[in-house]
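# Overview (structure and organization)
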Amino acid sequence: MTAFPDQLDRALLNVFVFGPGTGEAIAVALPGAGWLLVDGCREVVDGEEHFPALEAYERYASGQDPVEAVVWSHPHTDHHQGIIEAIDRYSPRRVGFTCLEAPEPNSAQLEAEALGSHPNLPRDLKLQESFGLVRSTFERIFSFWREHPESRWLLSSASEPLEIGSVRVRACAPDLAALRALFNCPTEKLSGELSKRANEFSVVLDLQFGEAHVALGGDLIHRRGKAVLSHGWTKALAVEPEL
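Presented here is a report on the structure given in the accompanying data block. (Residues numbered from 1 in each chain as written. Predicted model: local features only at pLDDT ≥ 70, side-chain atom pairs only at ≥ 80, totals over all residues. Heavy atoms only, no water.)

When helices and strands are tallied, the protein shows seven helices and 14 strands. Classification of the 243 residues of the protein by burial places 50% in the buried group. Contacts in the protein between residues far apart in sequence, at least 24 positions, make up 60% of those at least 6 positions apart. As displayed, the protein has an accessible area near 11600 Å², and 50% of this comes from carbon and sulfur atoms. (Helix = DSSP H or I, 4+ residues; strand = E, 2+ residues; numbered from the N terminus. Buried < 20%, exposed > 50% of the residue type's maximum accessible area, 1.4 Å probe, protein only. Contact = heavy atoms within 4.5 Å. Areas by Shrake-Rupley, 256 points an atom, 1.4 Å probe, with all protein chains shown as cover.)

Written as structure tokens, this is what we have:
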């Protein structure tokens, strides 16, 4: 069970990191008011299900202290648990995901469809369950975007920075050019590529507060085998050299 401090100094940028459980999650209490929730983490203690990032928000939030954004860094099954619950409970002002800026169907929809057509899916029950849960998260994000168009936050290295009070939030990854190249591959190959390479396109957020920079992300990688990826951490650090 997660142990929380008695109180927070809300003049500061407070960052909570949870895991390992089923996944890892980040909760950020922004200075003054507002929260960011990144990815999902689920814990089971004495048979009871807990989402520690959500519990952090519910413990400390009061009055005008909205969830400014819920972010899903990449569509792996160990990062989605709690995303749907956060959207349903808090109606965040933004829901962020790795997407192209193209009109519907956008890259997130193609990603969901590709995962659902994985060639091993018909004969692998565990894979069916995992992809079903991830697909549910996609569907809830899509429906929330349709209900609240202003909440749609498409995250890539080309996204405009977001100012939330005294904090500047900027996506340093995924690299937009590499993301476009991925979705230009033949549809029949897309599910395999996504399964193998989702970490290469994980979101990294740079939070700037005064002179400080804090990098938040999922599983962005630096290498594939022995090869250094030009669109991994090398690119993210080029986008924001202060990290």
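Next comes the rest of the account.
Moving on: the packing of aromatic side chains. Scanning the entire structure with this criterion turns up 13 aromatic pairs. Residues W72 and F138 carry aromatic rings whose centres are separated by 5.1 Å and whose planes lie at 65° to one another, so their mutual orientation is edge-to-face. Placement of the pair is W72 in strand 6 (residues 67-72) and F138 in helix 4 (residues 125-147), with a sequence separation of 66 residues. The pair W72 / F138 is uniform in exposure class, with both members buried. Joined through ring pairs, the aromatic side chains of F4, F16, F18, W35, Y57, Y60 and Y90 make up one cluster. (Phe/Tyr/Trp six-rings, centres within 6.5 Å; stacked < 30°, edge-to-face > 60°.)

On to the side chain of S151, then. Tracing the backbone through its elements, the reader meets S151 in the loop between helix 4 and strand 8 (152-155). Residue S151 is classed as buried on the basis of its relative accessible area, which comes to 1%.

Regarding helix 5 (residues 176-183), the residues found buried are L176, A178, L179, L182 and F183. The arc enclosing the buried residues of helix 5, seen along the axis, measures out at 160°, which places them on a common side. (Arc of directions from axis to C-beta.)

By the secondary structure assignment, S202 is in the loop between helix 6 (187-197) and strand 11 (204-209). In this structure the side chain of S202 is engaged in a polar contact, spanning 3.3 Å, whose partner is the side chain of H74. Reaching out from S202, the side chain makes a polar contact with the backbone nitrogen of D219 at a distance of 3.2 Å. When neighbours within four sequence positions are excluded, S202 is seen to be in contact with S73, H74, A173, P174, G218, D219 and L220. (Polar contact = N/O pair within 3.5 Å; in protein donor to acceptor, adjacent residues only side chain to side chain.)

This part takes up the nonpolar core. Membership of the largest hydrophobic core comes to 31 residues, with the highest contact counts inside it found for F16, F18, A27, W35, L37, W72 and Y90. Residue contributions to this core peak at six residues, all from helix 4. What A27 contacts, discounting residues up to four positions off in sequence, is N14, V15, F16, F18, W35, L36, L37, A53 and A56. Counting 19 residues, the second-largest nonpolar core is a separate cluster that includes I26, L30, L36 and I164. (Core = buried A, V, L, I, M, F, W, Y, C linked by side-chain atoms within 4.5 Å.)

With that settled, the discussion passes to the pattern of salt bridges. Where charged atoms from two side chains of opposite charge approach closely, those side chains can pair. Scanning the entire structure with this criterion turns up 11 salt bridges. Note that R42 is salt-bridged to E49, the shortest N-O span being 2.6 Å. When its relative accessible area of 25% is taken as the criterion, R42 is described as partly exposed. Given the relative accessible area of 46%, E49 is considered partly exposed. Between D175 and K235 there is a salt bridge; the shortest N-O distance is 3.7 Å. Of the two residues, D175 sits in the loop between strand 10 (167-173) and helix 5 while K235 sits in helix 7 (residues 233-239), which places them 60 residues apart along the sequence. Its relative accessible area of 12% is what places D175 among the buried residues. Linked by salt bridges that have partners in common, E68, R93 and R94 make up one network. (Salt bridge = Lys/Arg side-chain N within 4 Å of Asp/Glu carboxyl O.)

Our next topic: helix 2 (residues 83-90). Residues I83, A86, I87 and Y90 constitute the buried set of helix 2. Down the axis, helix 2 shows its buried residues gathered within 100° of arc, on one side only. Just downstream of helix 2 lies S91, where phi reads positive at about 40°.

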